[in-house]
Amino acid sequence: MGTDKRIPGPRLLRVGVGVLLSFSGAALTFFSLPRVARHHMDRVRQSSTMMRVLRWYNSTRLKRAGSKRSATAILTHTGRRSGWTYETPLGAAAYGDGFVLSLAYGPGTDWCRNVMAAGSGTLTWKGQRYELVHPEIGSGPQVLQALPIWERIALRAAGIQDFLWLHQHKEQARSHDQAGTRDAAR
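Residues numbered from 1 in each chain as written. Predicted model: local features only at pLDDT ≥ 70, side-chain atom pairs only at ≥ 80, totals over all residues. Heavy atoms only, no water.

Participant: Just checking my understanding: could you explain the nonpolar core for this structure?
Facilitator: The tendency in soluble globular proteins is for nonpolar side chains to be buried side by side. Core analysis: the largest hydrophobic core is formed by 16 residues, its most contacted members being L75, L101, W111, L123, W125, L164 and L166. Residue assignment for this core shows that the elements contributing at least two residues are β1 (72–78), β2 (85–95), β3 (98–102), α4 (110–118), β4 (120–125), β5 (128–139) and β6 (162–168). Among residues more than four places away in sequence, those in contact with L101 are L75, L90, G91, A92, W111, L123, F163, L164 and L166. Listed in part, the ten residues of the second largest apolar core include A93, L147, A158 and F163. (Core = buried A, V, L, I, M, F, W, Y, C linked by side-chain atoms within 4.5 Å. Buried < 20%, exposed > 50% of the residue type's maximum accessible area, 1.4 Å probe, protein only. Helix = DSSP H or I, 4+ residues; strand = E, 2+ residues; numbered from the N terminus. Contact = heavy atoms within 4.5 Å.)

Participant: Looking at this model, I keep getting lost on the environment of K68. Mind explaining?
Facilitator: With respect to the helices and strands, K68 occurs in the loop between α3 (48–62) and β1. Between the alpha carbons of K68 and Q128 there is a distance of 8.1 Å; along the sequence they are 60 residues apart. Excluding residues that lie within four positions of it along the chain, K68 makes contacts with K126 and G127.

Participant: What should I look at first to understand unusual backbone geometry in this one?
Facilitator: Among all residues save glycine, negative phi is the norm, and among peptide bonds the norm is trans. In this model, K126 sits at a positive phi of 55°, which is unusual for a non-glycine residue. Within the secondary structure layout, K126 lies in the loop between β4 and β5. With phi around 50°, H134 is a residue other than glycine that occupies positive phi space. One can find H134 in strand β5. According to the relative accessible area criterion, H134 is exposed, its value standing at 57%.

Participant: Mind showing me how you'd approach the sheet that holds β6 here?
Facilitator: In sheet architecture, strand pairing relies on hydrogen bonds along the backbone and comes in two forms, parallel and antiparallel. Here six strands make up a closed barrel; going around it, the order is β1-β2-β3-β6-β5-β4 and the pairing antiparallel. Between one strand and the next, the sheet's axes are offset by a mean angle of 45°, whatever the strand orientation. For β1 and β4, the ladder comprises three bridges, and the chain directions are antiparallel. Considered in β4, the bridge of I74 is made with T124. Packed on one face of the sheet, α3 meets β1 and β2 and runs near 65° to β2. Sitting on the sheet, α4 is in contact with β1, β2, β3, β4, β5 and β6, with an inclination near 55° to β1. (Pairing = 2+ DSSP bridges. Axes fitted to C-alpha atoms, helices over the stretch in contact; angles between N-to-C directions.)

Participant: Whenever I open this one, the pattern of salt bridges confuses me. Can you help?
Facilitator: Once the charged atoms of two side chains with opposite charge are near each other, the side chains can pair. For the structure on display, the rule yields one salt bridge. Residue D110 is joined to R80 by a salt bridge in which the shortest nitrogen-to-oxygen separation is 3.4 Å. Pair noted here: D110 is in helix α4 and R80 is in the loop between β1 and β2, with a separation of 30 residues, a long-range link. The class for D110 is partly exposed, based on a relative accessible area of 44%. (Salt bridge = Lys/Arg side-chain N within 4 Å of Asp/Glu carboxyl O.)

Participant: What should I look at first to understand a nonpolar patch on the surface in this one?
Facilitator: Taken together, the side chains of I149, W150 and I153 make up a nonpolar region of the molecular surface, amounting to roughly 360 Å² of accessible area. Looking at where I149 falls in the secondary structure, it is placed in helix α6 (residues 149–158). On the accessibility criterion, I149 (52% relative accessible area) is exposed. (Patch = residues over 30% accessible without salt bridge, like charges linked within 9 Å, V, L, I, M, F, W, Y side chains within 5 Å. Areas by Shrake-Rupley, 256 points an atom, 1.4 Å probe, with all protein chains shown as cover.)

Participant: Before we go on, may I ask you to explain the packing of aromatic side chains in this structure?
Facilitator: The geometry of two aromatic rings is summed up by the distance between their centres and the angle between their planes. Per the counting criterion, the structure on display carries three aromatic pairs. Between F99 and Y130, the aromatic rings sit 4.9 Å apart at their centres with planes inclined by 55°, giving tilted as the arrangement. Of this pair, F99 sits in strand β3 while Y130 sits in strand β5; the two residues are 31 residues apart in sequence, bridging distant segments of the chain. Residue F99 shares its accessibility class with Y130, and that shared class is buried. One aromatic cluster is present, built from ring pairs that chain together F99, W125 and Y130. (Phe/Tyr/Trp six-rings, centres within 6.5 Å; stacked < 30°, edge-to-face > 60°.)

Participant: Looking at this model, I keep getting lost on the pairing of β4. Mind explaining?
Facilitator: Along a regular strand, successive side chains alternate from one face of the sheet to the other. Counting buried positions along β4 yields five of six residues, so the element is predominantly enclosed. The pairing of β4 with β5 spans six bridges and is antiparallel. Across the sheet, the residue bridging to T122 is E131, located in β5. Linking β4 back to β5 in an antiparallel pair, the connection comprises two residues, with K126 at a positive phi of about 55°.

Following this line, the structure appears as structure tokens:
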């Protein structure tokens, strides 16, 4: 006598493989977007849909960026041609005597060119404002070591190796060091 019941094992396996493939496809898409966009930046910039999506994304990030609990900082910089003040949400990490900002789309992005032309900018990170000067573009594994492990993995997977290093203004660095010394003495 035969049974008409199906064995649940193979179906469960097919569903599991499907879910795994969809997650890996999403991860591949997420990590390859900056790499693909860098090679096709002109097309990306000319796409009105992409620009609308980026404006929406940046406006939502700006709402929480710079706060104590946010992983995103706000870079305030002046336009090199317009003279207008812009705020750009970015990932930042303390490095040396300042901060490093990853250049996901290369050093040709507007905010990077604005900071390089002005030679300074203001970073709001973890609830504090920092006056930063002397921008330098750098790359290498020593810069990556300053970043959290999850960010290192994402940047390596996306092929991002360039960073903008901004140094803290001397008077501000001195005042932060003195305040830290006073706090430690208490």
